[in-house]
Amino acid sequence: MSSARRTIADLRLFGRGYLRNIVGLFFGIIFPVIIISLFGAIFAGSGGAVTIYVQNQDRGPFNLPITDIATPFINALNGTNVNGTLLNANTTWPITVQLVDPSLNFSRYLADHSASDGVMIPENFSLNYIAGQPFNITVYGNPAQSSSAIVSGVIDAVVNGFNLQRVHGTNIIQVTSATVNTEQTKYIDFLVPGLIGFSILVSPMFSMVNITSEYKKVKLFKQLSLTPLHKMEWLASKVIFYIILSVISFLFLVVVGVYGFGAHMTLTPWLIPFLILGPMLFSSLGMLVGTVTKSVETASVLGNIITFPMMFLSGTFFPIATMPAYLQNFAHVLPLFYIVEGLNNVMVYGNIPAALLDIAVTTAITVIVFVAAAKIFKWRED
Amino acid sequence: MASIEVSDLKKHYDNIKAVDGISLKVNEGEVFGLLGPNGAGKTTAIEIMEGLRERDAGDVRILGLDPWKNGYELHKKIGVIPQQFTFFEKQSPKEAIEYYATLFGVKVDPHEILREVLLEDSANNRFENLSGGQKQKMGLALSLVNSPELLFLDEPTTGLDPNARRAIWEVIRGLKAKGKTIVLTTHYLEEAQQLSDRVAIMNLGHIVAMGTADEIITQHGSGERLDICGSQQLADYIRANTDLTVEYDSVRELISIPLKERIDALAALAAAEQSKMDWGEIQTRRDSLEDVFIRLVAGSVDESGNIATSPSQGKAGIRWRRK
């Protein structure tokens, strides 16, 4: 009973100090929200249309409108069919056409405008099309750009359409697209759990490395050892504090993600283990770093060495699937990886069996680190 | 009943014998001063008594308890200000007292404690904004939360200006008047003399003298001495022409001669007169605790309490640098 009373007294004191320190508050709550707002805003634009430059050098024959093949071709590229209706009203057409003056040097023009995608329609386009004479159109693109893949896909489709039309054929095979989930996973859906993992890591870790080494230096622990406060009560109050902070941060991130950027996610009780184990793990790890190092400076260096790779390579900002194989392997030794993966499994994919494995791994790591920290950490000197 | 009993206490760090076999006893209601230069072993000794450090050898009983093995119980009964007391920056003295009260499971009136340590005006100022003296007072306030019968104050006034130091003294005197047993370490002689009933002088891990100031002076002092205001040359002249021990304080330009017999004073004055050199005020006085302290620690002690052994100036030539 009195142990709980002391833990709560220490929790109140620590929480009050935290609220009075703008730096802690910034990194704990405001910083993750700023990141989600920034990244959310940046990647919200990724569904926008790709601009494609088109130079039309077609010389006709233009005596009849029906013999101008280049104009409907360009309209089709722009998402409008021959009759002026949209080709597919349900989806946003992925490209917009920007016409380029035929008298200009096209490749020079593209280079000057830092444009990666362009199509040049040759001068005998309509003539050869009507005559049924095979010919080429030149597509400029940059294989490194994802926009080029979109552009070449659209051009292939339009060219196929015109080829079929020329021979009066019909589409036999049609493709209906479907995604793995009921909803398509967008970057923001992935970013929310990633940033929850980020704030679960950063706040307790940095703070505990700092206060443990600092309190040791100014002999505050020694002073606390002169009171009935037990070191485990002190540690417990920190863990509880960071669990509360993580939950607050979690709520902020979910609200901003869902209402600000239309993120889709499932909120289930399966999230609770991560919100408890995570802060417990990183509070203990931070305390361990602060305890085993001799000075505040070395503690901070060691803390950064551990925190930074974890911060970026655990799938917080980008999926680890986009990383080279050796980094993916490396990610599997980072404790945060299992938390972020687990949060994704629960919130985004609804894959609870996979999340259970993440919970198991996280629990094991947490127990090891917590026990080590509690054992090595000493109030008094010998 | 003795509050503190220490016998043959030893503690070493690597090759340094920080405390090398000290024994002492502090009685209930007594203010006991542990005096010594930096590195004498005062803090190690007091921290062992507080239960903050483990001893290598010897027996220590604090209020009947072994401070290392029964530290947890002991800490409920004692009050401590560690050297360079510090606290969580964003908390005020009032909040700190409330925090300690909850930890100790006691009910206290923060304002009453703050009044006792003369810190009521700063009850709600955050620790980071307190002055050095106010911080020490807050330390004192926290050490009083559990109404301890025994207080350990480790250099409570180090680094404070004279006014702040006197304010702390006033607080300590108040505690003494309430019958608290107090162990105080300091490297300020004046402080030890002003506050303590008994003093132990520590040097290099040993207690070199112990007792009331008078007892120490009688035991280790040379009795009376003659002080003459004059130059180094005059001091040298007297030293060369008499068989007296001549000490010279170049800062105060003071020649100081311990007198074995009263007649020695006449010999010294005769030599001074004979030298034809200028000399000013003369007086005879008894050795002070300071004189004894300097002789016992055999070196000069600066403001921060460090010993700097100076080249010998004659048999007991000592330079004592004043603040």
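Definitions and cut-offs
- Residues numbered from 1 in each chain as written.
- Chains lettered and ligands numbered in written order.
- Predicted model: local features only at pLDDT ≥ 70, side-chain atom pairs only at ≥ 80, totals over all residues.
- Helix = DSSP H or I, 4+ residues; strand = E, 2+ residues; numbered from the N terminus.
- Contact = placed C-beta atoms within 7 Å.
- Buried ≥ 20, exposed ≤ 12 C-beta atoms within 10 Å, placed from the backbone.
- Nonpolar A, V, L, I, M, F, W, Y, C, P; charged D, E, K, R; others polar.
- Domains from an automatic or database assignment.
- Pairing = 2+ DSSP bridges.
- Axes fitted to C-alpha atoms, helices over the stretch in contact; angles between N-to-C directions.

1. Examining the overall build of chain B
So, step 1. Assigned secondary structure in chain B consists of 11 helices and 15 strands.
So, step 2. In terms of its C-alpha atoms, chain B occupies a principal-axis envelope of roughly 75 × 45 × 35 Å.
So, step 3. Pairs at least 24 apart in sequence give 68% of the contacts found in chain B among residues at least 6 apart.

2. Describing unusual backbone geometry
Residues and elements named next belong to chain B.
So, step 1. Positive phi is not limited to glycine here, since aspartate 14 has a value of about 50°.
So, step 2. Mapped onto the elements, aspartate 14 comes out in the loop between strand 1 (2–13) and strand 2 (16–27).
So, step 3. Positive phi is not limited to glycine here, since leucine 118 has a value of about 60°.
So, step 4. With respect to the secondary-structure elements, leucine 118 resides in the loop between helix 4 (110–116) and helix 5 (132–144).
So, step 5. Given 18 C-beta atoms within 10 Å, leucine 118 falls into the partly exposed group.

3. Looking at the interface of chain A and chain B
So, step 1. Taken residue by residue, the interface counts 21 residues in chain A and 18 residues in chain B.
So, step 2. If you list the elements that add at least two residues to the side of chain A that touches chain B, you get helix 1 (2–19) and helix 8 (220–224) of chain A.
So, step 3. When its residues are assigned to classes, the side of chain A that touches chain B shows 7 nonpolar, 6 polar and 8 charged.

4. Things to note about the domain arrangement of chain A
So, step 1. Splitting chain A by domain gives domain 1 (2–44 + 183–376) and domain 2 (48–166).
So, step 2. On a C-alpha basis, the centres of domain 1 of chain A and domain 2 of chain A stand 51 Å from each other.

5. Looking at the sheet that holds strand 4 (residues 138–140) of chain A
Residue and element names in this part refer to chain A.
So, step 1. Judged by pairing direction, the sheet is mixed, and its 4 strands sit side by side in the order 2-1-3-4 without closing on themselves. Sheet topology places strand 2 (95–100) and strand 4 at the edges, where each strand pairs with a single neighbour. Taken over all neighbouring pairs, the strand axes of this sheet differ in orientation by 25° on average, direction set aside.
So, step 2. In the sheet, strand 1 (residues 50–56) pairs with strand 3 (residues 118–121) via 4 bridges, with the strands oriented parallel. Residue pairing for strand 3: valine 54 is matched across the bridge by valine 119.
So, step 3. Each of strand 1, strand 2 and strand 3 is contacted by helix 3 (residues 70–77), which is oriented at about 175° to strand 1, the strand it contacts most.

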